[in-house]
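# Descriptive analysis of the structure
Here is what each chain is made of, one letter per residue.
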Amino acid sequence: MKVGSSLLVNEDDLTIRYAFLHGLMADIAKLRREGADVVLTSSGAAAVGLSMMNVEPGKASLQDKQGAAACGQPLLLHAYKQVALEFGVDIAQVLLTSDDMENRRRYLNTKNTIERLIDNDILPIINENDTVTTEEIRVGDNDRLAARIAQMIQAQDFVMLTSIDGLYDKAPSDPEASFVPEVEDVSGYIEATTGVSSLGSGGMLTKMQAANMAQNAGVTTWIGEGILEAPISTILSGERRATKCIANGDPQSAFRLWMTDRLTMAGSLTVTKEAADKIRENSCGVRTADLVTVAGEFAKGDVLHVYDEEGTEVARGLTNFDAAQTLMIARHDEDQVAELLGFKTTGDVINLNNLVVLEERHLTWDAPCEEDDQIVQVDLAS
């Protein structure tokens, strides 16, 4: 489950809302007694620390937020520890960056740690490690991070507690807005999800993105209001209304999920129309001869987004080369490449067995802007 800053921290004086925290932990303890394994993704550290940094939430720079997170994290975990002790719950802190989720080895190490904590009846409390993240490696919101954790542990239910009672088909402030009790395809509601809390980094948009990630893994997502008494169990039992995002009945494998549901874009490739058609048919990987553009400073083993020439995302897959090597291979013949690299190689940037074609149920990402200085046109004649 995931709880946001606006529920944990008073917006006026940036102090911890102990009443909410008490109700949250009481409900978690109840669920655990009933046999449920619970993993909590919690925001709030940076918000709590802002007062120590003497910075207003709306004016905080990335460096301010990093410092605020360093100040607020021990305060937030101390509060959790105090309240958890009342209910006999042991807690552990897990701080993550996007690299921990996007790098396959670190992802598996994180998975092993969380599962070991669960096996020992310890409640993992997860947050993004905002003290060390930069704009390039941040997740940016705990909604998608929490969804990634739900995928990782193969959760049955994923609950996101927020300041309103669920999803609406328009901005909730619109008098004509209607509550949406159930969602199968989140893409139809993306345009209605624009608001962001002054304390949080996400909004309903990131919740829809997170719900889509959970759906792909066969996880049912619930979006509801974080009330003081039994905020989780009353949603799961149907005692109060919340938006239910229905799990996909045919979940992807763990490896395919890890490749397709990304938190950040390491890099991208644009291929010719003919190549894109073959990729959609699962008949070939991504070949250097088919490249039109290469974008990003990616490394070997990163997951790249693959687009056709119209900017439609086609697939995602593990690259065999870094960005410089990819350009080198595309611009030189086989003998020149062997001399430059020191070894012979095939022409596949991404092998077919390391490529996942995106289905309609995936939310696609926009292609990098043409003005992006990291986009390099591939000219085979150069």
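What you see is a predicted model; the values in this text were computed from it and never measured. Position numbers for residues start from 1 in each chain and track the written sequence from start to end. Only residues with pLDDT of at least 70 are given local features in this predicted model, and only at 80 or more are side-chain atom pairs given and counted; all residues enter the totals for whole chains, interfaces and linings. Hydrogens and waters are ignored; side-chain quantities use all the structure's heavy atoms.

### Some thoughts on the overall build of the protein chain
Numbering of helices and strands runs from the N terminus, with a helix taken as a DSSP run of H or I at least four residues long and a strand as a DSSP run of E at least two residues long. Helix and strand counts for the protein chain stand at 13 helices and 18 strands. Any residue under 20% of the maximum accessible area for its type is buried, any over 50% is exposed, and the rest in between are partly exposed; the area is computed with a 1.4 Å probe on protein chains only. A burial count over the protein chain gives 52% of its 382 residues as buried. Only carbon and sulfur atoms are counted for the fraction: they give 46% of the accessible area of the protein chain, which is about 17600 Å². Methods summary: accessible areas were calculated by the Shrake-Rupley approach with a probe of 1.4 Å, and residue burial reflects only the protein chains presented.

### Digging into a negative patch on the surface
Residues enter a patch when their relative accessible area is above 30% and they make no salt bridge; the linking distance is 9 Å between like charges and 5 Å between nonpolar side chains (Val, Leu, Ile, Met, Phe, Trp, Tyr). Counted as salt bridges are all cases of a side-chain nitrogen of Lys or Arg within 4 Å of a carboxyl oxygen of Asp or Glu. Counted charges follow a simple rule, with Lys and Arg positive, Asp and Glu negative, and His plus the chain ends left uncounted. Note that the charge is assigned to NZ on lysines, CZ on arginines, CG on aspartates and CD on glutamates. Taken together, Glu-182, Glu-184, Asp-185 and Glu-360 make up a surface patch of like negative charges. By secondary structure assignment, the location of Glu-360 is in the loop between strand E17 (355-357) and strand E18 (375-377). With relative accessibility at 83%, the residue Glu-360 sits in the exposed group.

### A short note on the pairing of strand E5 (residues 157-162)
Counting buried positions along E5 yields 5 of 6 residues, so the element is predominantly enclosed. Sheet topology note: the strand E1 (residues 2-3)/E5 ladder contains 2 bridges and is parallel. When the sheet's bridge partners are listed, Lys-2 is paired in E5 with Met-160. Strands were regarded as paired on the criterion that DSSP finds at least two bridges between them.

### Some points on the pairing of strand E4 (residues 122-128)
Counted residue by residue, E4 has 6 buried out of 7 residues, so it is predominantly covered. Summarising the sheet, strand E2 (residues 40-42) and E4 pair through 2 bridges and their orientation is parallel. Of the residues in E4, the one forming a bridge with Thr-41 is Ile-126.

### Here we look at the side chain of Thr-220
Within the secondary structure, Thr-220 sits in strand E9 (residues 220-225). Every residue in contact with Thr-220, bar those within four places of it in the chain, is listed here: Gln-156, Asp-157, Phe-158, Lys-244, Cys-245 and Ala-247. It only takes one pair of heavy atoms within 4.5 Å for two residues to be counted as in contact.

### Focus: the sheet that holds strand E8 (residues 182-183)
If you trace the 8 strands from one edge of the open sheet to the other, you get E3-E4-E2-E1-E5-E9-E10-E8, paired in mixed fashion. Both outer strands of the open sheet, strand E3 (90-96) and E8, are each paired with one neighbouring strand and no more. Each of E1, E2, E3 and E4 is contacted by helix H4 (residues 62-86), which is oriented at about 155 degrees to E3, the strand it contacts most. Orientation is described by axes fitted as lines to C-alpha atoms, over the contacting stretch for helices, and by angles from 0 to 180 degrees between their N-to-C directions. The sheet strands contacting helix H7 (residues 142-152) are E1, E2, E3, E4 and E5, and the helix crosses E4 at an angle near 140 degrees.

### As for the pattern of salt bridges
Counted according to the given criterion, the structure contains 18 salt bridges. Two residues, Lys-2 and Asp-143, come together in a salt bridge whose shortest N-O distance is 3.0 Å. With Lys-2 in strand E1 and Asp-143 in helix H7, this pair connects stretches of sequence that are 141 residues apart. For Lys-2, a relative accessible area of 6% puts it in the buried group. Given a relative accessible area of 1%, Asp-143 falls into the buried group. Note that Asp-277 is salt-bridged to Lys-273, the shortest N-O span being 3.0 Å. Remark: Lys-273 and Asp-277 occur in helix H11 (residues 273-280); sequence separation between them is 4 residues, near one turn of the helix. A single salt-bridge network, built from bridges that share partners, covers Lys-273, Asp-277, Arg-280 and Asp-308.

### Focus: the environment of Ser-187
Counting through the fold element by element, Ser-187 comes out in the loop between E8 and helix H8 (204-216). Overall, Ser-187 belongs to the partly exposed group, its relative accessible area being 37%. Expressed as a C-alpha distance, the spacing of Ser-187 and His-362, which sit 175 residues apart in the sequence, is 8.8 Å. Only 2.7 Å separates the side chain of Ser-187 from the side chain of Asp-185, close enough to count as a polar contact. Any pair of N or O atoms that falls within 3.5 Å is considered a polar contact. Within protein, one atom must be able to donate a hydrogen and the other to accept it, and sequence-neighbouring residues count only if both atoms are side-chain atoms.

### Description of the packing of helix H6 (residues 104-119) against H7
Their axes nearest at 10 Å, the elements H6 and H7 cross at an angle of 75 degrees. The orientation of H6 with respect to H7, classified from their angle, is roughly perpendicular. Of the residues in H7, those in contact with Tyr-107, Thr-110, Lys-111, Ile-114 and Glu-115 of H6 are Arg-148, Ile-149 and Met-152. Only Asp, Glu, Lys and Arg are considered charged, only Ala, Val, Leu, Ile, Met, Phe, Trp, Tyr, Cys and Pro nonpolar, and every remaining residue, Gly among them, polar. Split by residue class, the contact of H6 with H7 holds 4 nonpolar, 1 polar and 3 charged. Orientation is classified from the angle alone, with under 35 degrees giving roughly parallel, over 145 giving roughly antiparallel, 65 to 115 giving roughly perpendicular, and any other angle giving oblique.

### Structural notes on the confidence of the model for the protein chain
Note on scores: pLDDT gives the predictor's confidence for each residue, bounded by 0 and 100. Put simply, the protein chain has an average pLDDT of 88, and 89% of its residues get 70 or more. By mean pLDDT, the top-scoring element of the protein chain is helix H2 (residues 18-33) (98), and the lowest-scoring one is helix H13 (residues 334-341) (65). Note on residues 198-202: pLDDT under 50 across the span, and 19 contacts to partners over four residues away in sequence or across chains.

### Topic: the sheet that holds strand E15 (residues 313-318)
One open sheet accounts for 6 strands, arranged E17-E15-E14-E11-E13-E18; its pairing is mixed. Only two strands of the sheet have a single partner each, and these edge strands are E17 and E18. Strand-to-strand twist of the sheet, defined as the mean angle between neighbouring strand axes without regard to direction, takes the value 25 degrees. Bridge count for E15 against E17 is 3 bridges, and the pairing is antiparallel. Residue pairing across strands places Arg-316 opposite Val-356, the latter belonging to E17. Contacts between helix H12 (residues 323-331) and the sheet are confined to strand E13 (291-295) and E18, with E13 contributing the most and set at about 160 degrees to the helix.

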